[in-house]
Amino acid sequence: MSEKQRTIKQSVSLEGVGLHTGKAVTLEICPAPENHGYKFQRVDVEGEPIINADVDLVVSTERGTTLEKNGIRIYTTEHVLAALYGMQVDNALIKLNAPEIPIMDGSALPFVEAIESVGFEEQAAEREYFVLDEIIPWEDADKGNEILAVPDENYRITVMVDYKSPVLGTQHASMYNIGEFREEIAKCRTFVFLRELEYLAKNNLIKGGDLDNAIVLVEREEVSQEELDNLAKLLGKEDLKIEVKGMGVLNTIKLQFQNEPARHKLLDIVGDLALVGKPIKAHILGARPGHSGNVKFAKVLKDKIKAQAKAPKKFDLEKEPLYTINDIEKMLPHRYPFLLVDKVIDMDEDGIVGVKNITMNEPQFTGHFPGNPVFPGVLQIEAMAQCGGIYALSKVDEPELYSTYFMKIDNVKFKQKVIPGDTVVFELKLLSPMRRGLVNMGGKAYVNGKVVMEAEMLAQVIKDKA
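Since the model is a prediction, treat every value here as computed from it, not as a measurement.

Draft legend 1. Representation of the overall build of the protein in the model. Within the protein one finds 9 helices and 25 strands. As presented, the protein carries roughly 22,300 Å² of accessible surface, and 48% of it is formed by carbon and sulfur atoms.

Written out as structure tokens, the structure is:
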């Protein structure tokens, strides 16, 4: 069953500071048209440039995923992208007046709640998934990252983290489908080891870091107060009271889940893989994932999407037909030589797939391009229309009492000739719900998996027999 794209009903704003830049920022998530995808806009820069959420524009994965176009950057994009993807928002424009997305509480939940506060707007265009059709392994041996993608009917993610840390240990997290993101993943906060703080601060990072936007993990039983005071000063948090009570979490912050760090790594994967540009149907398994590996794997998936787009479309012509020629004759009023559908091999709530075998024995070849037989374009349109008619008549009782009449044909394109010996597969999808007998469908005709013709058609089903 096809799904429709969606955006949000109205704009919503959030304010905060960037984790690494420390700069105050106002972020506005805005509705966007169909097939827009995710885009960022720097409204504080002359010309208000727009930067696509595209994995090919990633320039850094140092403690976050950074995009850049024409010298303009967007830092730490992963949490807001995870929120949009996790809430199945297909199209959004994200405006901000500073270079970095606000860190908020270190999770995706504030963005999720903002999105929920304005609601969703369903759009007319279909949601187009990237459906994985083969196993894709990937490994970065130097960093110990491994990611495997396997075909699945849902977007499923399984994560294992192992930093050889006595406090963190080995953790696992899973999301069985995108519907679990809101309750199981979105609230999980970013984390850092106490031993990393000095390095991060000295390398001009985490200027906006605080105990309310990150989990700080402590791996030592004892940490001197002098060391803690020096860290606080280095981080510009002299007035912040930092305590360590043995191994665990700094200031004894209570974790929301025992495996919250692993769940946050899963959240990061959702945000980083949103950069491939399509919703995904696959099972992603990640071992010791990080932004660098996520982005590299996202590029692998994007290359796979490009290859799929170029590859011929596959249809199982050997499967048992839903309607044979005898069944079709009981539904359609057409007979030889104008019955142009041989069988129907697939049909669901939104569309139909029919088949026409082209043979030299058909009467049109007697006079249509003698010596150079070409199946006429008008008959291709008619055959496609008959497939649409079968779909429409399958929705009524006693279909033999109804006829289907053309009302309009739009956007017809012929891409290559069809000749005797070809098997033409017609795939049609509803462009809008059927109402008052009106059927509006868009279709493509394929030979050997390549599109040879496409059209949009409007017809009406009328009961004209007693």
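We are not done yet, so read on.
Draft legend 2. Structural detail: the packing of aromatic side chains. Tallied over the entire structure, the rule returns 2 aromatic pairs. We note Arg-263 situated over the ring of Phe-257; from NZ or CZ to the ring centre the distance is 3.7 Å. Positioned over the ring face of Tyr-129 is Lys-281, at 4.5 Å from the centre of the ring.

Draft legend 3. Representation of helix α2 (residues 109-118) in the model. Burial within α2 is extensive, with 7 of its 10 residues counted as buried. Those residues of α2 lying buried are Leu-109, Pro-110, Phe-111, Val-112, Ala-114, Ile-115 and Val-118. Phi turns positive, to about 85 degrees, at Gly-119, one or two residues after α2.

Draft legend 4. Main features of the nonpolar core. Counting 67 residues, the largest nonpolar core has Ile-29, Phe-40 and Phe-181 as the members making the most contacts within it. Formed by 38 residues, the second largest nonpolar core is a distinct cluster that contains Ile-381, Ile-390, Ala-392 and Val-452.

Draft legend 5. Looking closely at helix α6 (residues 260-273). Taking 1.5 Å per residue, 14 residues should reach 20 Å; α6 reaches 20 Å between its end C-alpha atoms and fits that length. Along α6, 14 of the 14 residues are buried, which leaves the element largely enclosed by surrounding structure.

Draft legend 6. Main features of unusual backbone geometry. Going from Tyr-336 to Pro-337, the amide bond is cis rather than trans, its omega being 5 degrees. Note that Pro-337 resides in the loop between α8 (325-331) and β20 (343-347). In this model, Glu-48 sits at a positive phi of 45 degrees, which is unusual for a non-glycine residue. A positive phi angle is found at Asn-411, which is not glycine, with a value near 50 degrees. Within the fold, Asn-411 resides in strand β22 (residues 402-414).

Draft legend 7. Just a nonpolar patch on the surface, in detail. Nonpolar side chains collect at one region of the surface, where Phe-406, Ile-409, Val-412 and Phe-414 lie side by side and expose about 330 Å² of accessible area between them. Assignment of secondary structure puts Phe-414 in strand β22. Residue Phe-414 is classed as partly exposed on the basis of its relative accessible area of 46%.

Draft legend 8. Focus on the packing of helix α1 (residues 78-86) against α2. At a minimum axis distance of 8 Å, the contact between α1 and α2 shows a crossing angle of 40 degrees. Here α1 lies oblique to α2, going by the angle between them. Two packed elements cross with a definite hand, and for α1 against α2 that hand is right-handed. Between α1 and α2, the contacting residues are His-79, Val-80, Ala-83 and Leu-84 on the first element and Phe-111, Val-112 and Ile-115 on the second. Each residue belonging to the contact of α1 with α2 can be placed in one class, and the counts come to 6 nonpolar, 1 polar and no charged.

Draft legend 9. Quick peek at the sheet that holds strand β3 (residues 24-31). Spatial strand order, β2-β3-β9-β4-β5: 5 strands in an open sheet with mixed pairing. Pairing within the sheet leaves two strands with one partner each, and these edge strands are β2 (12-17) and β5 (50-52). The average angle at which neighbouring strand axes cross in this sheet is 25 degrees, direction not considered. Two strands pair when backbone bridges link them, and β3 and strand β9 (residues 92-96) are joined in this way by 5 bridges, in the antiparallel orientation. Counterpart to Glu-28 in the pairing with β9 is Lys-95. Lying over the sheet, α1 contacts β3, β4 (38-42) and β9, oriented at roughly 145 degrees with respect to β4. Its contacts with the sheet put α2 on β2 and β3, and the angle it makes with β2 is roughly 160 degrees.

Draft legend 10. Layout of the environment of Val-276. Looking at the secondary structure, you find Val-276 in the loop between α6 and β19 (280-287). By relative accessible area, which is 6% here, Val-276 ends up buried. Between the C-alpha atom of Val-276 and that of Asp-54, which follows or precedes it by 222 residues, the distance is 6.4 Å. Ignoring any residue separated from it by four or fewer positions in sequence, one finds Val-276 in contact with Ala-298, Leu-301, Lys-302 and Ile-305.

Draft legend 11. Examining the sheet that holds strand β6 (residues 58-60) more closely. Taken together, 3 strands build an open sheet; the order of strands is β6-β7-β8 and the sheet is antiparallel. Strands with a single pairing partner mark the edges of an open sheet, and in this sheet they are β6 and β8 (72-74). Strand-to-strand twist across the sheet, computed as the mean angle between neighbouring axes with direction ignored, equals 40 degrees. As defined by bridge partners, β6 adjoins strand β7 (residues 66-69) across 2 bridges and the pair is classed as antiparallel. In the strand pairing of β7, Ser-60 is matched with Thr-66.

Draft legend 12. The pairing of β19, seen in detail. The element β19 is extensively covered by neighbouring structure, given that 6 of its 8 residues are classed as buried. Where strand β11 (residues 130-131) meets β19, 2 bridges bridge the pair, whose relative direction is parallel. Directly across from Phe-130, in β19, lies its bridge partner Ile-280. With 6 bridges joining them, strand β13 (residues 145-151) and β19 adopt antiparallel strand pairing. Across the sheet, the residue bridging to Ile-147 is Gly-286, located in β19. Two elements, strand β14 (residues 155-162) and β19, share 6 bridges in a ladder whose sense is parallel.

What counts, and at which threshold
Residues numbered from 1 in each chain as written. Predicted model: local features only at pLDDT ≥ 70, side-chain atom pairs only at ≥ 80, totals over all residues. Heavy atoms only, no water. Helix = DSSP H or I, 4+ residues; strand = E, 2+ residues; numbered from the N terminus. Areas by Shrake-Rupley, 256 points an atom, 1.4 Å probe, with all protein chains shown as cover. Phe/Tyr/Trp six-rings, centres within 6.5 Å; stacked < 30°, edge-to-face > 60°. Lys NZ or Arg CZ within 6 Å of the ring centre and 35° of its normal. Buried < 20%, exposed > 50% of the residue type's maximum accessible area, 1.4 Å probe, protein only. Core = buried A, V, L, I, M, F, W, Y, C linked by side-chain atoms within 4.5 Å. Expected span 1.5 Å × (residues − 1). Patch = residues over 30% accessible without salt bridge, like charges linked within 9 Å, V, L, I, M, F, W, Y side chains within 5 Å. Salt bridge = Lys/Arg side-chain N within 4 Å of Asp/Glu carboxyl O. Axes fitted to C-alpha atoms, helices over the stretch in contact; angles between N-to-C directions. Parallel < 35°, antiparallel > 145°, perpendicular 65-115°, else oblique. Left-handed = near helix turned anticlockwise from the far one by under 90°. Contact = heavy atoms within 4.5 Å. Nonpolar A, V, L, I, M, F, W, Y, C, P; charged D, E, K, R; others polar. Pairing = 2+ DSSP bridges.

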